[in-house]
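Structural overview for review
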Amino acid sequence: MRRPHENVATVLVDPRRLGDIEIELMSLDMPLWRVCAVPIVKDGQRLAFQVRHKLLMSKRGEWDCAKDWVPVYIGFGSSWAFPGEAIPWPAHKALWTLLEGYADHVRYNKRLGGIPRIPRLREAC
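Residues numbered from 1 in each chain as written. Predicted model: local features only at pLDDT ≥ 70, side-chain atom pairs only at ≥ 80, totals over all residues. Heavy atoms only, no water.

A closer look at the overall build of the protein chain
Within the protein chain, the secondary structure is distributed over three helices and five strands. Shown N-terminal to C-terminal, the secondary structure of the protein chain runs as helices and strands in the order β-α-β-α-β-α-β-β. For the protein chain, the C-alpha radius of gyration of 14 Å lies close to 14 Å, the compact-globule estimate for 125 residues. Across its three principal directions, the C-alpha atoms of the protein chain cover 45 × 30 × 30 Å. Sorting the 125 residues of the protein chain into buried and exposed places 38% on the buried side. Long-range contacts, defined as pairs at least 24 residues apart, comprise 76% of the intrachain contacts of the protein chain with a sequence gap of at least 6. Counting 19 positive and 14 negative side-chain charges, the protein chain places the centres of these two groups 8 Å from one another. (Helix = DSSP H or I, 4+ residues; strand = E, 2+ residues; numbered from the N terminus. Rg over C-alpha atoms; globule rule 2.2 N^0.38 Å. Buried < 20%, exposed > 50% of the residue type's maximum accessible area, 1.4 Å probe, protein only. Contact = heavy atoms within 4.5 Å. Lys, Arg positive; Asp, Glu negative; His and termini not counted. Charge placed at Lys NZ, Arg CZ, Asp CG, Glu CD.)

Here it is as C-alpha cells:
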C-alpha cells in the first residue's frame, strides 16, 4: 500500500513574480510551498538545490534562464482533493492554465509528482 502523499507540481518560479503567482494560486485553493521551507524536510536548502539542479539538467541548457529561480511545490486544497481519489481533471486544467499565463516566469514539466503529506494549519473556531 502506498504511503499517504500530496500530489504536487514541481515548478521553477522567477522570484520577481513569485508573490503574484502565489496569490492567484491561493484564490484557486492551490497551496504553494517553497521547497527550501517545506516543513517535511530537514535540510530544505539542500533539497531546493537538488530539485532546481535536476530540473535544469533535464533540459540540457534550455532552462538556463531559470538557474536562480525558486523551486516550489504546488498542491491542491480540500476543494480539489479528496483522500484516496485522483485529482480531478478540472484541477489539472486550472493549474496548467494559470502557469501558462506566466510562461515567461515559470518552468515546469506538465505532470504531477508525489511528496509526503504536508501538515495543514487548522482553522481556529
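Moving on from the model shown.
What to know about helix α3 (residues 89-100)
The end-to-end C-alpha distance of α3 is 16 Å, a good match for the 16 Å that 12 residues give at a rise of 1.5 Å each. Those residues of α3 not exposed but buried are Ala91, His92, Leu95, Trp96, Leu98 and Leu99. Summarising the axial view, the buried residues of α3 lie within an arc of 160 degrees, below the 170-degree limit, and thus occupy one face. Facing away from the buried surface of α3 by more than 90 degrees, the exposed residues are Trp89, Pro90 and Lys93. Among the structural elements, β1 (5-13), α1 (18-27), β3 (70-74) and β4 (106-108) are those in contact with the buried residues of α3. (Expected span 1.5 Å × (residues − 1). Arc of directions from axis to C-beta.)

Quick notes on the environment of Gly114
If you trace the backbone, Gly114 turns up in strand β5 (residues 113-116). Note on Gly114: relative accessible area 45%, which makes it partly exposed.

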